[in-house]
2 protein chains.
Amino acid sequence: MAAKKSSPLKIIPLGGLDGIGKNMTVFECGDDMVLVDAGLMFPDDSQPGIDLVLPDYTYVLENEEKLRGIVVTHGHEDHTGSLPYLLQDLNNKVPIFSSKLTLGFIEGKLSEFRIRAPKFREVKGGSHVNLGGISLDFFSMTHSIPGALGVFIRTNQGTVMHTGDFKLDQTPIDGVTPDYAAISRFAKQGIDLLLSDSTNATVPGFTKSEAEVGPNLLHAIKNAPGRVFVASFSSHIHRLQQICDAARKCGRKVVVTGRSMLTNTRVARELGYLNIDDADIIDAFDIDNLPDDKIVVMCTGSQGEPLSALSRMANGEHKTLSIHEGDTVILSATPVPGNEKAVQQVVNSLAKLGCDVWDKNRALVHVSGHGSQEELKLLMAMAKPTYFMPVHGEAVHLRAHAQLARKMGIKDDHIFILDNGDTLEMRGGIVKRGTPVESGVVYVDGLRIGDTDPIVLRDRQKLANDGMVTAVAIVSLKHKKIEAIEFSGRGVSFAIDDQFSEDASASIMKTIEKGKFSFTSSGSDAIRKAVRDSLSNFIWSRTRTRPMIIPVVMEV
Amino acid sequence: MAAKKSSPLKIIPLGGLDGIGKNMTVFECGDDMVLVDAGLMFPDDSQPGIDLVLPDYTYVLENEEKLRGIVVTHGHEDHTGSLPYLLQDLNNKVPIFSSKLTLGFIEGKLSEFRIRAPKFREVKGGSHVNLGGISLDFFSMTHSIPGALGVFIRTNQGTVMHTGDFKLDQTPIDGVTPDYAAISRFAKQGIDLLLSDSTNATVPGFTKSEAEVGPNLLHAIKNAPGRVFVASFSSHIHRLQQICDAARKCGRKVVVTGRSMLTNTRVARELGYLNIDDADIIDAFDIDNLPDDKIVVMCTGSQGEPLSALSRMANGEHKTLSIHEGDTVILSATPVPGNEKAVQQVVNSLAKLGCDVWDKNRALVHVSGHGSQEELKLLMAMAKPTYFMPVHGEAVHLRAHAQLARKMGIKDDHIFILDNGDTLEMRGGIVKRGTPVESGVVYVDGLRIGDTDPIVLRDRQKLANDGMVTAVAIVSLKHKKIEAIEFSGRGVSFAIDDQFSEDASASIMKTIEKGKFSFTSSGSDAIRKAVRDSLSNFIWSRTRTRPMIIPVVMEV
């Protein structure tokens, strides 16, 4: 179906512009729609008890009949993680276009959700796909995962280049460099709008190549007197390749531990992305058959996650492996903002065990997967876009990226900093803001998706800070009085003992006696409120704390 | 009173060895005892709702009759903050020895607690004090607050040098350099044991001088088109001096905002530590009388604290000041571990307002107040201690510092890594481990000090993650059954509506019917437990969540 001549190309980011996570962008032209990425975000301190955060993709569901395909730029969870939910919410099977490794990772995740036989369409750099009035040209990019793609989108209203996540690595481990020729070719055809990764837009310079990590890993492993544990992102296959290569050079065998590390290394080996001989891998149960200086353990836990392999080993809670004095631990990753303290706790546990800990402050055992300012400017210099929209970042990153675009000569009114749900409309290569669509976040909490109220999160924070006290008042409608009050508390720093109960009851009774309460069923609400307020005041006057009060009035 | 010949010098850290905070060390020799520092620590995520964390100073109280004085090395809260509590718990007035500025800051804090007329004894570098069998020689050190002192402690059993917090700054803003001559003199007399600041023991090199920050602040302020807001630690008087100096050079007036910033600048100006003319300071209410490019606002909030001046201004909630597009914000501080995300939130709010934000990644607008590896080794080279005990750090810092000591030739068995409450005993210059004393942490939560149980904190975390549901069951002892159950929930992601109540009641009733429960007062506990378990299972099966269940059984 070709787009109607009059329909603009709509560009609608549903996620990814309020933080690094849950990337999802709609490209819609007439009767055709393509979704680029479908990611999730992990909750932060302000979202206690939430398992996952998804973008609100109502707009996609409402326009499902137009949806021709989902493009996934690479296999990180902030680009793939909402797929299991989205696919279940869609009525029809929509094809997913991505590289072999990305599809491999997605397949693993979908099978956990028992979603069978999704429509996978493998593409690679150079692939061309027509989806109704939207045509897609994929091009290779380098990132902290193999198989990362950018996409050049053509419609009858104009063209868009979406970089995906990228750095410009001239010496990537698999030799697949960014496809500068393709970018230049698209630029020659004309890129009306560029969407580009903003993660490192505040970082000056040029991000170091992944290849620079290898010699440092080798140095650390070669000089380790005992076993070496390397914690890394389990999807960072090039890093894992370099760890395995260093182990082999040092005559050490590799042990893999941690659920996602086991899954991802299996998938990556099966698909030919990770090269290590069977003979060079041993099972965790066989670790004691080899001398300590013949072992490298490749594990999860680089973010200090309390249930990860590294945390468990550091705390002596891992079922097969433990870390001892004389072992070396390499944190081949950087803490994601918010995880610094958790990582530091693991480092302290390891220090207490007498381990030698390496992190990127000590040697270059990690580099970022995102391009810094010089790379972002270089990309713009090659792409020569007319309009620019920074994506994939927090407010400060998007604005810093916009500032770089200004330096590159893109006019101020040709730069669009959007919020999730804002839209751009392109007509004949001219880009303007459109009408916002429904957007927001959806929480996954246990089996429940979507209806976690902000009040629930506020209540949880209040409960965490102040604890709670339940007051159950038995109200006799016959005798027109409160017969008894029972108290029960959790998370409060004072004892709810007989003395407390006696004093609190007396205080509440006094309030009730003073007030004019109707001891009828319809008067219960007023009594409940009076119980709550007088108990809250009683506790404040005694303790200067304000726990949440849960008043329950039972009529007898 | 001289120490008995046979009594060892005991060195007992009660805090400061399990993290950066709540520093407190006992030096006890025979009948005489001196306490060095009395700090607090701010709670972290694992201590929800806690206001402050103090060291457990039971040992000090139990030996109060020996306590001759409290030495405070400098005015940071991790060295002074438990004084208001400790002084109230002591029966006698104990003299506090410290520099003029430190005493000024302590006096302000004590007056908030209405603690009157403490016994202040001002000392400075070069001061000598005899406290029974313990003699003290104070020497100047440089740190991120003026008036920082180290102390050389002499007893008939040997000598100890305590560095306090320090860096080795050759160009401090007030010209008061570390007293290398004094350190060398003490070294010549013999330093049996060195206690030294470990904060930056994992950081290679030499910490930059405070003086290097000034030109960068000046550059940022000079080039700012509008108003400039500088957020910094309010006790960092040298930083504030440099901000004021830069403002004056640019013809800008200074506005001070934020409670501690107002207090500390007042105290520091009164005591002659901060030099700024009255004419160069204006009140926040008068800010609109001057053009934007004639203003520098010096504010609190460098840690992203939600109630601080900077956060309020960034969110439009400050009572007198607001930040606009075109303003410049300088974060002249580094986030304390755990505060990264909060700081980033403020930066994002500022970016959205259209501010230009400077932090230390963009220019050297902050340097650390703690010495790095080269300074720590240099100090050891000058002090030439026989024994070494790293203090003021997390496990990883203490161990890294011990490693530096080994490199400096201190024998492994002469290096002591202690936990809080461990003791060292020195006899005739020989140091050995002694018997541990009572130690730990004490929580301040509202008015309550000390009795916050770990269970309370666990309950709070559970409440935060999963919410809670109260089930009140009315049990009729006469009819031997449950008459009614009422549910009430907070922080749960499912609705507690009529349908839920009906189904949950049915599920619980079924459990009760199946079991053999005694409907007597003594049987209530079993019924309560059955209500809790069956409700918990019911909710799990429906929602895959496990909120905390508060069962209340009322007998009628």
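Calculation notes
- Residues numbered from 1 in each chain as written.
- Chains lettered and ligands numbered in written order.
- Predicted model: local features only at pLDDT ≥ 70, side-chain atom pairs only at ≥ 80, totals over all residues.
- Heavy atoms only, no water.
- Helix = DSSP H or I, 4+ residues; strand = E, 2+ residues; numbered from the N terminus.
- Buried < 20%, exposed > 50% of the residue type's maximum accessible area, 1.4 Å probe, protein only.
- Contact = heavy atoms within 4.5 Å.
- Areas by Shrake-Rupley, 256 points an atom, 1.4 Å probe, with all protein chains shown as cover.
- Lys, Arg positive; Asp, Glu negative; His and termini not counted.
- Charge placed at Lys NZ, Arg CZ, Asp CG, Glu CD.
- Pairing = 2+ DSSP bridges.
- Axes fitted to C-alpha atoms, helices over the stretch in contact; angles between N-to-C directions.
- Expected span 1.5 Å × (residues − 1).
- Least-squares fit on C-alpha atoms with pLDDT ≥ 70 in both.
- UniProt positions renumbered as here; feature names shortened; annotations may be inferred.
- Salt bridge = Lys/Arg side-chain N within 4 Å of Asp/Glu carboxyl O.
- Arc of directions from axis to C-beta.
- Domains from an automatic or database assignment.
- Parallel < 35°, antiparallel > 145°, perpendicular 65-115°, else oblique.
- Left-handed = near helix turned anticlockwise from the far one by under 90°.
- Nonpolar A, V, L, I, M, F, W, Y, C, P; charged D, E, K, R; others polar.
- Buried area = accessible area lost by both parts, 1.4 Å probe.
- Disulfide = S-S within 2.5 Å.

Chemist: Explain the overall build of chain A here, please?
Modeler: Broken down by element type, chain A carries 15 helices and 26 strands. Each of the three principal axes of chain A carries a C-alpha extent, and together these read 90 × 70 × 45 Å. Considering chain A as a whole, with its 556 residues, one finds that 58% of them fall into the buried category. Contacts spanning at least 24 positions in sequence make up 71% of the contacts within chain A whose residues lie at least 6 apart. Surface exposure of chain A reaches about 22,300 Å², of which carbon and sulfur atoms provide 49%. Separation of charge centres in chain A, based on 62 positive and 68 negative side chains, amounts to 3 Å.

Chemist: What's the story with the sheet that holds strand β15 (residues 281-282) of chain B in this structure? I'm lost.
Modeler: Whether parallel or antiparallel, the strands of a sheet pair through hydrogen bonds between backbone atoms. All names here are of chain B. Spatial strand order, β15-β14-β16-β13-β17-β18: 6 strands in an open sheet with parallel pairing. Edge strands, defined here as strands with exactly one partner in the open sheet, are β15 and β18 (356-358). Across 4 bridges, the pairing between strand β13 (residues 228-231) and strand β16 (residues 295-299) is parallel. Bridging from a neighbouring strand, Ala 231 pairs with Cys 299 of β16. Helix-sheet contacts for helix α6 (residues 213-222) involve β13, β16, β17 (328-331) and β18, and the interaxial angle to β17 is about 165°. Strands β14 (253-257), β15 and β16 of the sheet are contacted by helix α8 (residues 259-270), whose axis makes an angle of about 120° with β14.

Chemist: I'm lost on helix α14 (residues 498-514) of chain B in this one. Help?
Modeler: The end-to-end C-alpha separation of α14(B) is 24 Å, in line with the 24 Å expected for 17 residues at 1.5 Å each. The complete set of buried residues in α14(B) reads Phe500(B), Asp503(B), Ala504(B), Ser505(B), Ile508(B) and Ile512(B).

Chemist: Explain the relation of the copies chain B and chain A to me, please; I cannot follow it from the model alone.
Modeler: A rotation about some axis, followed by a shift along it, carries one copy of the chain onto the other. By a simple turn and slide, chain B fits onto chain A: the slide is 0.0 Å along the axis, the RMSD is 0.1 Å, and the turn is 180°. One copy is carried onto the other by what is essentially a two-fold rotation axis. Proximity to the rotation axis, assessed at the C-alpha, singles out Ala464(B) in chain B; its C-alpha lies 2.4 Å from the axis. Mapped onto chain A, 100% of the interface residues of chain B again fall at the interface, so both copies present the same surface.

Chemist: What is the right way to read the environment of Arg542(B) from this model?
Modeler: Within the fold, Arg542(B) resides in helix α15 (residues 524-543). Along the primary structure Arg542(B) and Lys377(B) are separated by 165 residues, whereas in three dimensions their C-alpha atoms are 61 Å apart. Not counting chain neighbours up to four residues away, the residues in contact with Arg542(B) comprise Leu447(A) and Asp503(B).

Chemist: What is the right way to look at the UniProt feature "domain: Metallo-beta-lactamase" (unreviewed entry) in chain A in this model?
Modeler: Sites flagged by UniProt as "domain: Metallo-beta-lactamase" (unreviewed entry) map to residues 21-217 of chain A. For the annotated span residues 21-217 of chain A, helix accounts for 22% and strand for 27% of the residues, and the straight-line distance between the end C-alpha atoms is 29 Å.

Chemist: Would you explain the pattern of salt bridges in this entry?
Modeler: Side chains that differ in sign of charge can pair as their charged atoms come close. Under the definition given, this model contains 50 salt bridges over all chains. Taking the shortest distance from any N to any O, the salt bridge between Lys109(B) and Glu112(B) comes out at 3.9 Å. Of this pair, Lys109(B) and Glu112(B) both sit in helix α4 (residues 100-112), 3 residues apart, roughly one helical turn. On the accessibility criterion, Lys109(B) (29% relative accessible area) is partly exposed. According to the relative accessible area criterion, Glu112(B) is partly exposed, its value standing at 43%. With a shortest N-O distance of 2.7 Å, Asp445(B) and Arg460(B) are connected by a salt bridge. Here Asp445(B), found in strand β22 (residues 441-445), pairs with Arg460(B), found in helix α13 (residues 454-466); they are 15 residues apart in sequence, far enough to count as distant. Using a relative accessible area of 3% as the deciding quantity, one classes Asp445(B) as buried. The class for Arg460(B) is buried, based on a relative accessible area of 1%. Each of Glu77(A), Lys109(A), Glu112(A) and Arg259(A) takes part in salt bridges that share partners, so that together they form one network.

Chemist: What am I meant to see in unusual backbone geometry here?
Modeler: For residues besides glycine, phi is generally negative; the peptide bonds are generally trans as well. Residue and element names in this part refer to chain A. Of note, the phi angle at Ala 117 is positive, near 45°, even though the residue is not glycine. Relative to the elements of secondary structure, Ala 117 occurs in the loop between α4 (100-112) and β7 (120-122). Classification of Ala 117 as exposed rests on a relative accessible area of 54%.

Chemist: What's the story with the pairing of strand β5 (residues 67-71) of chain A in this structure? I'm lost.
Modeler: Two faces make up the sheet, and in a regular strand the side chains alternate between them. Residues and elements named next belong to chain A. Most of β5 sits inside the fold, with 5 of its 5 residues counted as buried. Bridging between strand β3 (residues 32-36) and β5 involves 4 bridges; their strand directions are parallel. Bridge assignment links Val 36 to a residue of β5, and that residue is Val 71.

Chemist: Is there a simple way to think about helix α6 (residues 213-222) of chain A in this case?
Modeler: Residue and element names in this part refer to chain A. Buried residues of α6: Val 213, Gly 214, Leu 217, Leu 218, Ala 220 and Ile 221, and no others. Taken down its axis, α6 places every buried residue within 165° of arc, on the same side. Turned more than 90 degrees away from the buried face of α6 sit Pro 215 and Lys 222, all of them exposed. Summarising the contacts, the buried residues of α6 are in contact with β13 (228-231), α7 (237-249), β16 (295-299), β17 (328-331) and β18 (356-358).

Chemist: Would you mind going over the UniProt feature "active site" (unreviewed entry) in chain A with me for this structure?
Modeler: Residue and element names in this part refer to chain A. UniProt's entry tags Asp 197 and His 370 with the feature "active site" (unreviewed entry), counted in the numbering of this structure. With the annotated positions falling across 174 residues, the maximum pairwise C-alpha distance of 7.7 Å places them together in a single cluster. With respect to the element layout, Asp 197 can be found in strand β12 (residues 193-197). For Asp 197, the contacting residues outside a window of four places in its chain are Thr 163, Gly 164, Asp 165, Phe 166, His 370, Leu 376, Val 391, His 392 and His 401. Relative to the assigned elements, His 370 resides in the loop between β18 and α11 (373-383).

Chemist: Can you help me understand the domain arrangement of chain A in this one?
Modeler: Interfaces are often sized by the amount of accessible area the parts lose when they come together. By domain assignment, chain A separates into domain 1 (9-205 + 368-449), domain 2 (210-358) and domain 3 (467-555). Taking only C-alpha atoms, the centre of domain 1 of chain A and the centre of domain 3 of chain A are 54 Å apart.

Chemist: Hey, could you run me through the pairing of strand β25 (residues 481-490) of chain B in this one?
Modeler: All names here are of chain B. Here strand β24 (residues 468-476) runs beside β25; their pairing, made up of 9 bridges, is antiparallel. Counterpart to Val 475 in the pairing with β25 is Ile 482. Two successive antiparallel strands, β24 and β25, enclose a turn made up of 4 residues, where Lys 480 displays a positive phi of approximately 55°.

Chemist: Would you take a moment to explain the packing of α4(B) against α8(B) for this structure?
Modeler: All names here are of chain B. The contact between α4 and α8 brings their axes to 10 Å, and the two run at 135°. Considering the angle they form, α4 stands oblique to α8. The hand of the α4/α8 crossing is right-handed. Where α4 approaches α8, its residues Leu 101, Gly 104, Phe 105 and Glu 112 are matched on the opposing element by Arg 259, Asn 264, Val 267 and Ala 268. By residue class, the composition of the contact of α4 with α8 is 4 nonpolar, 2 polar and 2 charged.

Chemist: I tried to follow the sheet that holds strand β4 (residues 52-55) of chain B on my own but got confused; where do I start?
Modeler: Residues and elements named next belong to chain B. With antiparallel pairing, 3 strands are arranged side by side in an open sheet as β4-β22-β23. Looking along the sheet, the strands with just one partner apiece sit at the ends: β4 and β23 (448-449). As paired elements, β22 and β23 share 2 bridges and run antiparallel to each other. Bridged to Val 444 within β23 is Ile 449.

Chemist: Help me understand the interface of chain B and chain A in this model?
Modeler: Taken residue by residue, the interface counts 55 residues in chain B and 55 residues in chain A. For the pair chain B and chain A, the summed buried area comes to about 4,700 Å², and 61% of that belongs to carbon and sulfur atoms. Considering only the side of chain B, the residues that lose the most area to chain A are Arg490(B), Ser493(B) and Met554(B), jointly responsible for 12% of the buried surface there. The greatest single-element share of the side of chain B that touches chain A, amounting to 8 residues, is contributed by helix α10 (residues 340-353) of chain B.

Chemist: Help me out: how do you make sense of the state of the cysteines in this one?
Modeler: A disulfide bridge is the covalent bond that connects two cysteines by way of their sulfur atoms. All told, the structure shown has 0 disulfides over all chains when counted by the stated rule. Cys299(A) forms no disulfide, and the closest cysteine sulfur to it belongs to Cys355(A), at a distance of 11 Å.

Chemist: I tried to follow the packing of helix α11 (residues 373-383) of chain B against helix α12 (residues 395-407) of chain B on my own but got confused; where do I start?
Modeler: Residue and element names in this part refer to chain B. Packing of α11 against α12 brings their axes to within 10 Å, and their N-to-C directions diverge by 50°. What the angle tells us is that α11 and α12 run oblique. Judged by the twist between their axes, the crossing of α11 over α12 is right-handed. Together, Gln 373, Leu 376, Lys 377 and Met 380 of α11 and His 401, Leu 404 and Ala 405 of α12 make up the contact between the two elements. When its residues are assigned to classes, the contact of α11 with α12 shows 4 nonpolar, 2 polar and 1 charged.

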